[in-house]
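# Structure at a glance
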Amino acid sequence: MTARDATGTPVGLTVSAFASLSLDPPLILICLNRDVHDLAVFHAGPFAVNILSEGQQALSRRFAGPREARFLELEVEAARNGCPILPESLAVIECRMESVVAGGDHDIIIGAVTSLRCHPEGRPLIYYAGGYNRLADAPPTAR
Ligand SMILES: Cc1cc2nc3c(=O)[nH]c(=O)nc-3n(C[C@H](O)[C@H](O)[C@H](O)COP(=O)(O)O)c2cc1C
């Protein structure tokens, strides 16, 4: 998840708690720990969700590590809403802030989708049972 703070500095962190929420209107949700450093930036919006491709484990680890190293020597593009887009993302979902709902020690950030781009060829990075993985090839389906 990426955004720019009030000074224009790029901010972001790795999240797995992401889900689609609504089709009409198009809404997504992300659950952020209330201790997240840039929580106020994500509360304000806009933000972008960068769905990582398989093979981008290093980027996922980097965005869960020290904040000052996250964008170091990383060539980011600007999304339409101004948020940084991470290179080689499988999909980018641009959002404006819709609302925030409290959920235990997390905030559920609800974003209204303003733009979407997707690489049809790519495959997603999977995080499951505490480790990174790849989506298996689906067995042939009977028609
Ligand atoms: C695979 C993975 C998934 C994560 N998912 C979430 C998440 O859904 N929500 C969250 O608040 N933190 C999540 N984290 C933790 C944050 O990325 C990490 O704690 C980050 O350092 C917090 O941001 P901050 O350092 O900017 O405060 C995840 C970390 C990893 C490695």
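That block above? That's the structure.
Here is a short report on the structure shown in this document. From a predicted model like this one, the values you see are computed outputs, not experimental measurements.

Parameters and conventions
Residues numbered from 1 in each chain as written. Predicted model: local features only at pLDDT ≥ 70, side-chain atom pairs only at ≥ 80, totals over all residues. Heavy atoms only, no water. Helix = DSSP H or I, 4+ residues; strand = E, 2+ residues; numbered from the N terminus. Rg over C-alpha atoms; globule rule 2.2 N^0.38 Å. Buried < 20%, exposed > 50% of the residue type's maximum accessible area, 1.4 Å probe, protein only. Contact = heavy atoms within 4.5 Å. Core = buried A, V, L, I, M, F, W, Y, C linked by side-chain atoms within 4.5 Å. Polar contact = N/O pair within 3.5 Å; in protein donor to acceptor, adjacent residues only side chain to side chain. Near = heavy atom within 4 Å. Areas by Shrake-Rupley, 256 points an atom, 1.4 Å probe, with all protein chains shown as cover. Pairing = 2+ DSSP bridges. Salt bridge = Lys/Arg side-chain N within 4 Å of Asp/Glu carboxyl O.

## Here we look at the overall build of the protein chain
The helix and strand tally for the protein chain stands at two helices and 11 strands. In summary, the protein chain has a C-alpha radius of gyration of 15 Å against a globular reference of 15 Å for 143 residues, a match within 12%. Here the C-alpha coordinates of the protein chain stretch approximately 50 × 40 × 30 Å along the principal axes. Within the protein chain, buried positions represent 34% of all 143 residues. Taking as baseline every contact in the protein chain between residues at least 6 positions apart, the subset at least 24 positions apart corresponds to 61%.

## Side note on the nonpolar core
A general feature of soluble globular proteins is that nonpolar side chains tend to end up buried together. Core analysis: the biggest nonpolar cluster contains 22 residues, and Met-1, Ala-3, Leu-32, Phe-42 and Phe-47 have the highest contact counts within it. Those elements giving two or more residues to this core turn out to be strand S4 (27–33), helix H1 (39–44), strand S5 (47–51) and strand S8 (91–103). With four residues, S8 is the largest single contributor of residues to this core. Look past the residues within four positions of Leu-32 in its chain and what remains in contact with it is Met-1, Leu-13, Val-15, Leu-39, Phe-42, Asp-105, His-106, Asp-107 and Ile-109.

## A few points about the environment of Arg-117
Within the secondary structure, Arg-117 is located in strand S9 (residues 106–118). For the pair Arg-117 and Leu-90, spaced 27 residues apart in the sequence, the C-alpha separation amounts to 8.5 Å. If we skip the residues at most four places from it in the chain, Arg-117 touches Glu-77, Ile-85, Leu-90, Ala-91 and Val-92. One polar contact links Arg-117 to Glu-77, side chain to side chain, over a distance of 3.5 Å.

## Here we look at the site of the ligand
Every one of the 16 residues lining the ligand counts as a neighbour, but Thr-14, Ser-16, Asn-33, His-37 and Arg-70 are closest to it. Contacts to the ligand include Thr-14, whose backbone N or O atom sits 2.7 Å from an oxygen atom. At a separation of 2.9 Å, a nitrogen atom of the ligand approaches a polar backbone atom of Ser-16. For the ligand, the accessible surface in isolation is 630 Å², of which the surrounding protein chains cover 75%. The element contributing the most residues to the shell around the ligand is S4, with three residues.

## Observations concerning the side chain of Arg-70
Within the fold, Arg-70 resides in the loop between helix H2 (57–62) and strand S6 (77–78). Polar contacts involving the side chain of Arg-70 include one to the main-chain carbonyl oxygen of Gly-12, which spans 2.7 Å. Here Gly-65 takes part through its backbone oxygen, which lies 2.6 Å from a polar atom of the side chain of Arg-70. When near neighbours in sequence (up to four residues on either side) are disregarded, Arg-70 contacts Gly-12, Leu-13, Arg-62, Phe-63, Ala-64 and Gly-65.

## Considering the pairing of strand S3 (residues 18–22)
Direction of pairing for S3 relative to S4: antiparallel, over a ladder of four bridges. For Ser-20, the partnering residue across the bridge sits in S4 and is Ile-28. Taken together, S3 and the strand that follows it, S4, pair antiparallel across an intervening segment of four residues.

## Here we look at the side chain of Ser-53
By the secondary structure assignment, Ser-53 is in the loop between S5 and H2. Those residues in contact with Ser-53 that sit more than four places away from it in its chain are Glu-88, Ser-89, Leu-90, Arg-123, Pro-124 and Leu-125.

## Examining the pattern of salt bridges
Tallied over the entire structure, the rule returns seven salt bridges. A salt bridge links Arg-34 to Asp-107; the shortest N-O distance between them is 2.8 Å. Of this pair, Arg-34 sits in the loop between S4 and H1 while Asp-107 sits in strand S9, and the two are 73 residues apart along the sequence. Residue classification places Asp-107 among the buried residues on the basis of a relative accessible area of 6%. Connected through shared salt-bridge partners, Glu-54, Arg-123, Arg-134 and Asp-137 make up one network.

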